[in-house]
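Examining the three-dimensional arrangement
Listed here are the chains, written in short residue letters.
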Amino acid sequence: MHQVVARSSQIPRLGRFGWLMALYAENFQRMTRLFEPADLAVGRYVSSIGNGLDVQLDVLEQHAYTTELRLTYTVRDPLTGEPDPSAFLRLYRDARQAEATHCYVGRRWQDVIGMYPPAAEVLGHRMRMNTFLGKWLQYLAESGHGVATLRPVPAEAVAEANAN
């Protein structure tokens, strides 16, 4: 007799954590192709395409194996004065992963999942943030943003903008 094996049992299942790690890898590839952040010095950069919103990229820190960034439009939330939407990113160059550590899209993470959420809720929130990041990076690339449109903002202009 032949043993019948269901086709689905031959394909390994990807759990939620594995799915999240795959999102991190995709986002690393998208971010690297889009802005090559490992090559940028600490500072503020703006990408202008002429017929859309300007994108602001703040390189917050460059470490041996990581880059910390903030990606946003040059639009402010009228209630908080914070850039909206914005995403804080950590690129792990050695692991080739890009993680959205937190996003601001009208609300803070504490308002979304509470101060002491269960682990499954945190994982779900990270999946939503990083899915949002992936779609946003894809949209920016399709709109024409990229290394060629990225220009450094002088430190004096950054200081003046932060004072206002």
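The following paragraphs examine the structure supplied in this document. Note that the coordinates shown come from a computational prediction; the quantities given were computed from them, not determined experimentally.

Moving on to the overall build of the protein chain. A count of helices and strands for the protein chain gives 5 helices and 6 strands. Counting from the amino terminus, helix and strand elements in the protein chain follow one another as α-α-β-β-β-β-β-α-α-β-α. Here the protein chain holds 164 residues, and the buried ones make up 35% of them. Surface accessibility of the protein chain: about 10200 Å² in total, with carbon and sulfur atoms responsible for 56%.

Tallied over the full model, the rule gives 3 salt bridges. For Arg44, the salt bridge goes to Asp58, with nearest N and O atoms at 2.6 Å. Here Arg44, found in strand S1 (residues 43–47), pairs with Asp58, found in strand S2 (residues 55–62); they are 14 residues apart in sequence, far enough to count as distant. Of the two residues, Arg44 and Asp58, neither departs from the other in class, the shared state being buried. In this structure, Arg126 engages Glu99 in a salt bridge whose closest nitrogen and oxygen atoms are separated by 2.8 Å. Here Glu99 lies in strand S5 (residues 97–104) and Arg126 lies in helix H4 (residues 119–143), a separation of 27 residues in the sequence. A residue is classified by how much of its surface remains accessible, and Arg126, at 27% relative accessible area, is partly exposed. A relative accessible area of 11% means that Glu99 is categorised as buried.

Let us look at the nonpolar core. The biggest cluster of nonpolar side chains holds 24 residues, and the ones touching the most others in it are Met31, Phe35, Leu57, Leu71 and Leu89. Per-element accounting of this core gives the leading share, 5 residues, to H4. Discounting chain neighbours no more than four positions away, the residues touching Leu89 are Met31, Thr67, Glu68, Leu69, Leu71, Glu99, Ala100, Thr101 and Leu133. Leu20, Leu23, Tyr24 and Met127 belong to the second largest nonpolar core, which has 5 residues in total.

Any pair of aromatic rings gets described here by the distance separating the centres and the angle formed by the planes. Here the structure, examined in full by the defined rule, presents 2 aromatic pairs. Centre to centre, the rings of Tyr73 and Trp136 are 5.4 Å apart; their planes meet at 50°, and the pair counts as tilted. Within this pair, whereas Tyr73 is found in strand S3 (residues 66–73), its partner Trp136 is found in helix H4, the two being separated by 63 residues in sequence. Taking the relative accessible area as the measure of exposure, Tyr73 reaches 11% and is therefore buried. Look at Trp136 and you get buried, because its relative accessible area is 6%. The interplanar angle of 35° and the centroid separation of 5.4 Å between the aromatic rings of Phe132 and Trp136 together place this pair among those described as tilted. Remark: Trp136 and Phe132 occur in helix H4; sequence separation between them is 4 residues, near one turn of the helix.

Positioned with a positive phi, Glu36 is a non-glycine residue whose angle comes to about 45°. Residue Arg96 is not a glycine yet carries a positive backbone phi of 60°. Relative to the elements of secondary structure, Arg96 occurs in the loop between strand S4 (86–92) and S5.

Moving on, we get to helix H2 (residues 16–35). Taking 1.5 Å of rise per residue, the 20 residues of H2 would be expected to cover 28 Å, and the 28 Å separating its terminal C-alpha atoms lies within 8% of that figure. Residues of H2 that are buried include every one of Leu20, Leu23, Tyr24, Asn27, Phe28, Met31, Leu34 and Phe35, and no others. The arc that holds the buried residues of H2, viewed along the axis, is 145°, so those residues lie on one side. Positioned one or two residues after H2, Glu36 has a phi angle of 45°, which is positive.

Definitions and cut-offs
- Residues numbered from 1 in each chain as written.
- Predicted model: local features only at pLDDT ≥ 70, side-chain atom pairs only at ≥ 80, totals over all residues.
- Heavy atoms only, no water.
- Helix = DSSP H or I, 4+ residues; strand = E, 2+ residues; numbered from the N terminus.
- Buried < 20%, exposed > 50% of the residue type's maximum accessible area, 1.4 Å probe, protein only.
- Areas by Shrake-Rupley, 256 points an atom, 1.4 Å probe, with all protein chains shown as cover.
- Salt bridge = Lys/Arg side-chain N within 4 Å of Asp/Glu carboxyl O.
- Core = buried A, V, L, I, M, F, W, Y, C linked by side-chain atoms within 4.5 Å.
- Contact = heavy atoms within 4.5 Å.
- Phe/Tyr/Trp six-rings, centres within 6.5 Å; stacked < 30°, edge-to-face > 60°.
- Expected span 1.5 Å × (residues − 1).
- Arc of directions from axis to C-beta.

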